[in-house]
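Overview (structure and organization)
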Amino acid sequence: MGTTKDRSVYKTLGWCGFGAGTNAGIVDVKEGKIARIRPMRIDEKYSVDDIKPWTIHARGSSFTPGLKTTLPPLAYGYKQRVYSPNRVPYPLKRVDWDPQGERHPETRGISGYERISWDEAAQICADEIARVIDTYGCSAVFCQGDGHGETKIIGGGHGCNTRLMDVLGGYTCQARQPDSWEGWYWGAKHVWGMDPVGKQTLQNNVLRDVSQNSDAVLFWGCDPETTPWGWGGQIASQICYWWTDLGIKSIYVCPDLNYGAAVHADTWIPVLPNTDAALQLAIAYVWMTEGLYDRSYIDTHAVGFDWFEYYVLGREDGVPKTPKWAEEKCGVPSRRIKALARYWAQHNVSIAHCNGGGYIRSCFSHEPGRLEVCLLAMQAVGAPGRNQISMIEWGLYGQQNLLTCPRPAGGTYFGAAFTGHLPGTGLRWSIPQTMVPDAILLPEGEELTWYGHVIAGLPRIDQFGQHRYPEPGASRIHMFWTDTPCWSTCWNGGNRMQDALRDPSIEFMLVQHPWMENDTLFADIILPVSTKLEQTDIATCTMCGHNDLAIHEEQAVDPVGEARTDAECVLAIAEKLGVAELLVGTWLGSMSVDEARAQLPEQFAAHTLTDEEKVAAFEELKRVGFMGGNPNLAKGDGPRSKQLSAMKGGMSQYLPFEKFVEVGYYPFPTADDWEDDPAGLIQFHDDPEGHPLDTPTGKIEFYATGIAEHWPGDEERPPVPHWIEESEAHHERLTCDRGKDYPFLVVSNHPRWRVHAEHDDIAWPRELNACKVIGPDGYRYEPVWVNPVDARARNLHDGDIVRIFNERGNVLGGVVVTERIMPHCISQDHGARVDSIVTGTGGLDRGGANNLICPGATTSKNAPGEVTNGFLANIEKVDVQALAAQYPEEFNRDYDPAVGLIASARIVKEA
């Protein structure tokens, strides 16, 4: 008998990952099964006077988010993902991996799995952890505990494994780089500061400012109808419709007529992917030569402008950055560049972003990131109607200054109850996420070096410190433990990552995950994890734009199969290692990690930090302004005390905990004085000396003094923003030699029907041709947009199956001939589920996971960010039947068109 019954429970259905939730809804349960998911009425149990929903007035109109949450389609369909036939049903072991004998790393990603018991799985994992630590030391255990996914608190999604390794003496941490903010983080921070991520940090009342004062909004590489779905519902979409009603022009600058542009754009300016820097430089040229910028503002608010002017006018290299010069680079006619530049200079224009997407996730993406800020500065950024506005993740990091919408009177972050990884901690040994394959495949005796801890959100000065792998006295990694197995689907050079995961140096790969997908198929042991609908938890809903909410999340349904929470998976291993009580003690805050380590079994005691190492680690984190740890951990002796401790920090003053559990949620009212908050950068605009920026000079730096000091000879990221044609590592321009063999630039957007690598197995969107293209073999292929000009030249038609290829490999897709993509480009959303026919470099993927063929090199030599957009490839039609004949086993795996590959495709023995 199950434990759940007919009920309706509150759940957040956003995919933020680290305890800051969004998209609150109601899950209706009937006969122990999810019957439906629906929006939540905030006023169901509270009055409007209690809630105080905000309203913005502008130009004789008003906008309010309303009292019903705006769930995206992905949230409604999530019940299908919970019951997906691709769920991991029970613990699994790779059939040809024998921990006591032959391990066969070369067949990872190829061989099947057999069922084992939880007891056997936990024992194998514990024995392997103990063996690896005993043989190599704690640094040999590599933990992935980051990325997007279900937002869980007590269940410990994302990095619960690191908590156990902390107790055992440490681990090598996958340092998650600023994947959604690469160009801002590595570039814009050096122009205007703006910690934590480099986009405009001062967002208070920017929504009101744009609504009241802007004549136009430039949506630069931005799709407010798609990207916010996973992180904040659909209020961004509603705002865009309102702006149109107010007469604010929407100008979209992007290679594709994306979904936001299709319904909102007054003007679409197609630009070749990763050539925005040329367009920006040409705009600056027009302003300089026609006197269309605010010289007095530059004189008082900026430094180094003369260096920038010297470059733009061609005095440095003899090449003026004219609109005609830019036209050859970016594909925008010079007349349109001039028209845009002149319109912008004569109107109040703000720039909107949904983090950045492909615009700031390509090679040298720090250059358009920097140049955008330079253009904003030339038009007096901070003046009414002239700001950079964020359309996503409002209130990121729990910072109220990152709230574009009116702020609440209170709010909380349930970090005290979070049993997952705390970003920025565990940095005794670390490897940037973008460099993991490089580290694994590093020749023996060599070392890998880079700058910065490469943690999203760390201050700008952290970028200047050099790090290395392996650290002196530390081991290379020999064990891989992940609860976010989507590296090859989401980061740069995925085929090379597949090569790395099959390297003999990786002696054990452990994955805990709900679904058989992507990197999970490379595991030696797979532990089944329950989804958040199968768990009891607490949550916040803080990024949607309506009133912030605290949610008591009751369990909706019983766990599928033998699934356990991430915390329970880790605890099962800890029990076998004899450290379960110590681990629980650190979770509950009843003992510190140091206290737990002092009680370790003797076999692990040698691997704890020395006093000298503790001091060194403390000083390094102090230097970058991040102390690490969690000072808010409260004392307690059980799960209830964890919830109680999490309610502290602001919540208890509004509602007693017992009442909160009874009611199920609490809406934080809008602050009474929100309208008094200065709008955006207005204080810097009005008084740059009294309200300086977080740069070395306190001003906007056209000449980046930090870069000049630390990397004066860096030609890929010089002190003054430049157009970078190519480099030793990157040859991804149509004009370079590789462009002859690979004459298309790949647009790889945030997906319309997924959140990164999640949701590719939900049936409802897969019924749409816009989501998948049905091939002649009945397989549903990832769409590839091809311009009619390019389609005619290659005799391609709607529904044809093609391969997108370069020297790194091949991925398949289904053709959609459309003028929504400009010539010389092809567009295929990233994050499709991996279905490798041939694994590794040069391989073939049926699922359309184009990150597999992205460049492996990082943003530039001193900026270790990802490169997953605007890279070169070719395209040609394939004969699917011929491929099926060539690879009969791979083309006949268990497959459900409504879901894709299912778990039985890999499970070859059930007992």
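Residues numbered from 1 in each chain as written. Predicted model: local features only at pLDDT ≥ 70, side-chain atom pairs only at ≥ 80, totals over all residues. Heavy atoms only, no water.

**A word on the overall build of the protein chain**
Here is the rule: A run of H or I in DSSP counts as a helix once it spans at least four residues, and a run of E counts as a strand once it spans at least two, with each numbered from the N terminus. For the radius of gyration, the atom set is restricted to C-alpha positions; the globular benchmark scales as 2.2 Å times the number of residues to the power 0.38. Relative accessibility thresholds used throughout: buried, under 20% of the residue-type maximum; exposed, over 50%; partly exposed, between the two (1.4 Å probe, protein chains only). We call two residues in contact whenever any of their non-hydrogen atoms come within 4.5 Å of each other. Two residue types count as positive, namely Lys and Arg, and two as negative, namely Asp and Glu; His and chain ends fall outside the count. Taken as the charge location is NZ of Lys, CZ of Arg, CG of Asp or CD of Glu.
A tally of helices and strands in the protein chain yields 32 helices and 38 strands. For 911 residues, the compact-globule formula gives about 29 Å, and the C-alpha radius of gyration of the protein chain, at 26 Å, lands near that figure. In terms of overall dimensions, the protein chain has C-alpha extents of about 75 × 65 × 60 Å along its principal axes. By the burial criterion, 68% of the 911 residues in the protein chain qualify as buried. Pairs at least 24 apart in sequence give 77% of the contacts found in the protein chain among residues at least 6 apart. One finds the centroid of the 81 positive side-chain charges in the protein chain at a distance of 3 Å from the centroid of its 120 negative side-chain charges.

**Some thoughts on the packing of helix 5 (residues 160-168) against helix 21 (residues 580-588)**
What counts, and what does not: Every angle, taken between N-to-C directions, lies between 0 and 180 degrees, and every axis is a line fitted to C-alpha atoms, over only the stretch in contact when it is a helix. Handedness of a crossing follows from how the near helix is turned relative to the far one, being left-handed for an anticlockwise turn of less than a right angle and right-handed for a clockwise one. Charged residues are taken to be Asp, Glu, Lys and Arg, nonpolar residues to be Ala, Val, Leu, Ile, Met, Phe, Trp, Tyr, Cys and Pro, and polar residues to be all remaining types, Gly included.
Closest axis-to-axis distance for the helix 5/helix 21 pair is 10 Å, and the angle between their directions is 115°. Seen along the crossing, helix 5 lies across helix 21 with a hand that is right-handed. Here helix 5 contributes Cys160, Arg163, Leu164 and Val167 to the contact with helix 21, which in turn contributes Leu582, Leu583, Thr586 and Trp587. Class assignment for the residues of the contact of helix 5 with helix 21 results in six nonpolar, one polar and one charged.

**Concerning the pairing of strand 8 (residues 141-144)**
As a reminder, the rule being used: Each pair of strands is called paired provided DSSP finds at least two bridges between the two strands.
Burial of the side chains of strand 8 extends over both faces: Val141 and Cys143 are buried on one face and Phe142 and Gln144 on the other. In this structure, strand 8 lies alongside strand 9 (residues 172-175), joined through two bridges in parallel fashion. Residue pairing for strand 9: cysteine 143 is matched across the bridge by cysteine 173.

**As for unusual backbone geometry**
Trans peptide bonds make up the majority, and among non-glycine residues the majority have a negative phi. Residues aspartate 195 and proline 196 are joined by a peptide bond in cis, for which omega reads 15°. By the secondary structure assignment, proline 196 is in the loop between helix 6 (182-192) and helix 7 (206-213). With an omega dihedral of -10°, the bond running from tyrosine 469 to proline 470 counts as a cis peptide bond. Turning to its location among the elements, proline 470 is positioned in the loop between strand 18 (466-469) and strand 19 (479-482). Positive phi outside glycine occurs at methionine 194, with the angle close to 60°. The class of methionine 194 is buried, set by a relative accessible area of 7%. Positive phi, normally seen in glycine, also occurs at asparagine 518, with a value near 55°.

**A closer look at the side chain of glutamate 866**
Counted only if it meets this: What qualifies as a polar contact is a pair of N or O atoms within 3.5 Å, subject to a donor-acceptor requirement within protein and to the restriction that residues adjacent in sequence count only when both atoms come from side chains.
Following the sequence through the fold, glutamate 866 ends up in the loop between strand 34 (843-845) and strand 35 (871-877). Note on glutamate 866: relative accessible area 0%, which makes it buried. Looking at glutamate 866, its side chain comes within polar contact range of the side chain of arginine 361, at 3.0 Å. In contact with glutamate 866, other than residues within four places in its own chain, are Gln177, Asp179, Glu182, Arg361, Ser362, Thr434, Cys490, Trp491, Asn492 and Thr859.

**Description of the packing of aromatic side chains**
Under the convention used in this document: Here a pair means two rings of Phe, Tyr or Trp (six-membered ring of Trp) with centres within 6.5 Å. Their orientation is stacked below 30 degrees between planes, edge-to-face above 60, and tilted elsewhere.
Within the structure shown, the criterion is met by 29 aromatic pairs. When the centroid spacing of 4.5 Å and the interplanar angle of 5° are considered together, the rings of phenylalanine 219 and tyrosine 252 count as stacked. Of this pair, phenylalanine 219 sits in strand 10 (residues 216-220) while tyrosine 252 sits in strand 11 (residues 249-253); the two residues are 33 residues apart in sequence, bridging distant segments of the chain. Judged by its relative accessible area of 0%, tyrosine 252 is buried. Ring geometry for tryptophan 307 against tyrosine 703: centres 4.6 Å apart, planes inclined by 40°, an arrangement best described as tilted. Taken together, the residues tryptophan 307 in helix 13 (residues 305-312) and tyrosine 703 in the loop between strand 25 (700-701) and helix 28 (705-710) connect sequence positions 396 residues apart. We classify tyrosine 703 as partly exposed; its relative accessible area is 22%.

**Comments concerning helix 11 (residues 276-290)**
We count it as follows: To estimate the expected span of a helix, subtract one from its residue number and multiply by 1.5 Å.
Counted at 1.5 Å a residue, the expected span for helix 11 with its 15 residues is 21 Å, and the 21 Å between its end C-alpha atoms agrees. Counting buried residues along helix 11, 13 of its 15 residues qualify, which places the element largely inside the surrounding structure. Looking at the residues trailing helix 11, positive phi occurs at glycine 291, about 65°.

**Thoughts on the nonpolar core**
Formally: The term nonpolar core refers to a set of buried residues drawn from Ala, Val, Leu, Ile, Met, Phe, Trp, Tyr and Cys, joined through side-chain atoms within 4.5 Å.
Ranked by size, the top nonpolar core spans 122 residues in total, and within it Trp192, Trp243, Ile283, Phe308, Met378, Ile700 and Phe702 carry the most contacts. Leaving out residues up to four positions away in the same chain, tryptophan 192 has contacts with Gly198, Lys199, Gln200, Val373, Leu376, Val381, Gln388, Leu681, Leu693, Asp694, Thr695 and Ile700. Among the nonpolar cores identified, the runner-up in size contains 90 residues, and Val167, Ile431, Ile455 and Ala903 belong to it.

**Points about helix 20 (residues 566-577)**
Compared with an ideal rise of 1.5 Å per residue, which puts 12 residues at 16 Å, helix 20 spans 17 Å between its outermost C-alpha atoms and is within 8% of the ideal. For helix 20, every residue scored as buried is listed here: Asp566, Ala567, Cys569, Val570, Ala572, Ile573, Ala574 and Leu577.

**Some words on the pairing of strand 23 (residues 549-553)**
Most of strand 23 sits inside the fold, with five of its five residues counted as buried. Side-chain alternation along strand 23 places Leu549, Ile551 and Glu553 on one buried face and Ala550 and His552 on a second face that is also buried. Here strand 22 (residues 537-541) pairs with strand 23 via five bridges, running antiparallel. Its bridge partner being in strand 23, aspartate 537 is matched across the sheet by glutamate 553. When strand 23 meets strand 24 (residues 665-667), the two strands line up antiparallel, connected through three bridges. Bridge pairing in strand 24 places alanine 550 opposite tyrosine 666.

**Overview of the pattern of salt bridges**
Quick reminder of the rule: In what follows, salt bridge is the name for a side-chain nitrogen of Lys or Arg lying within 4 Å of a carboxyl oxygen of Asp or Glu.
Taken as a whole and judged by the stated rule, the model has 53 salt bridges. A salt bridge links lysine 93 to glutamate 114; the shortest N-O distance between them is 3.2 Å. On the criterion of sequence distance, the pair formed by lysine 93 in strand 6 (residues 92-94) and glutamate 114 in strand 7 (residues 113-115) is long-range, its members being 21 residues apart. Across the pair, exposure class does not vary: lysine 93 and glutamate 114 are buried alike. Salt bridges sharing common partners tie together Arg754, Asp760, Arg766, Lys772 and Glu782.

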